Structure formats: C-alpha cells, structure tokens
Amino acid sequence: MTERDAFLAWVNTELHDAEIALHNGDPGPRRALWSRNEPVSVLGAWRNVFGQEAVGELFVALGARFSDCTSLVFELQSCDVVGDMAYTAGYEHVSVTMDGKPGVYTLRATQVYRRENGAWRVAHRHGDALTEGPAADPGPLPAPADPRTRR
C-alpha cells in the first residue's frame, strides 16, 4: 500500500466516520481528529475561526445544529501526500436534519492535514456552499464510483 493509499484509507474510514458523527450531533470524534498544535483554522460555510478554543467551540455549535444524517458522500477531486503534510479537495454531499429541518446540501471542501506522532490530524478546513453547477443539486446520492471514496 502506498502512502497515498494509506492516507485515503484513513480519510474514508476514521475521518468519514467522524464527519457522520458530527452530522448526527456528536462533535467529539471530529475534534479528536484535529491537531492540538497551532495553527488550526476553519474558513467555514457558517463561521470562520482560528485557534484551538475557537475550533472546539465551532464543532460544538455545529453538532448542536445537526441530527439524523442519512447520507454523507465525499466526492474526492484531488489529494496528495508529501512527507508529513497532505490535503484533500472535493465535494461533500450531505443529507441531514439541520436546525430541525431535513435538507440536502453540498459543500466544496478543502482540508490540510499534518502527520503528528504517526497519526494524521486535520489542521485547516475550508468549506463553502456550492450554489450552482452540476454538483450543487446532486439529487439522489448514488454510491460513489471512485473506490477511494465511500458512502
């Protein structure tokens, strides 16, 4: 298995499961996968934050908004691993109840990762709502064709 393959296996299991947990109202697994070293940052669809305390508060606030995630598909467009740094870029298609209302949304999401003590940790996230183009309204979410993604 190449280093890139091992990284993508982590993205498609542990990281994916943490995102499902967040979208079911539990921010703990997501926070556990984030770096405890500065700098950390989120340029988010709802809020921009910088630093450990603000990132933790954001995840708690997001968890309070979400429940009943029925689907979360990460449509990977690009990624690379170079030494102890990596990134992913793609579309997140999510079906979830948000603020008590069921809905579907798509984000363009880019994340930067650092390997710390042998484990991948998220250091930065940028996500913004996709409002036009073919990925803006994904319709029913089929199983991804790319074997590097799941759900």
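Presented here is a report on the structure given in the accompanying data block.

Calculation criteria
- All residue numbers here refer to positions counted from 1 along the written sequence of the relevant chain.
- This being a predicted model, a pLDDT of at least 70 is required before a residue's local features are given, and a value of 80 or more before pairs of side-chain atoms are given or counted; all residues contribute to the totals for chains, interfaces and linings.
- Working from all heavy atoms in the structure, the side-chain values ignore hydrogens and water.
- Only DSSP runs of H or I covering at least 4 residues are called helices, and only runs of E covering at least 2 are called strands; the numbering of each starts at the N terminus.
- The contact rule is simple, with two residues in contact once any of their heavy atoms fall within 4.5 Å.
- When a residue's accessible area, from a 1.4 Å probe over protein chains only, is under 20% of the maximum for its type it is buried; when over 50% it is exposed; and in between it is partly exposed.
- N or O atoms closer than or at 3.5 Å make up a polar contact, with two conditions inside protein: a donor-capable atom paired with an acceptor-capable one, and, for residues adjacent in sequence, both atoms drawn from side chains.
- Salt bridge, as applied in this entry: a Lys or Arg side-chain nitrogen positioned within 4 Å of an Asp or Glu carboxyl oxygen.

## Details of the environment of T97
Summarising the element assignment, T97 is placed in strand 4 (residues 85-98). In this structure the C-alpha to C-alpha distance between T97 and F66, which are 31 residues apart in sequence, comes to 5.8 Å. If sequence neighbours within four positions are ignored, T97 has contacts with R65, F66, S67, D68 and P102.

## Some points on the side chain of H93
For H93, the position within the fold is in strand 4. Look at H93 and you get buried, because its relative accessible area is 5%. Polar side-chain contacts of H93 include one of 2.7 Å to the side chain of E75. Within the local environment of H93, its side chain forms a polar contact with the side chain of T106, the two groups lying 3.0 Å apart.

## A look at the pattern of salt bridges
Oppositely charged side chains can form a pair if their charged atoms are brought close together. This model, assessed by the stated rule, comprises seven salt bridges. Of the charged contacts in the structure, one is a salt bridge between E92 and R125, with a shortest N-O distance of 2.7 Å. Placement of the pair is E92 in strand 4 and R125 in strand 6 (residues 119-129), with a sequence separation of 33 residues. R125 shares its class with E92; the two are buried. With its nearest N and O atoms 3.0 Å apart, the salt bridge here joins E116 to R114. With a relative accessible area of 16%, R114 lands in the buried category.

Keep in mind these values describe shape, not function.
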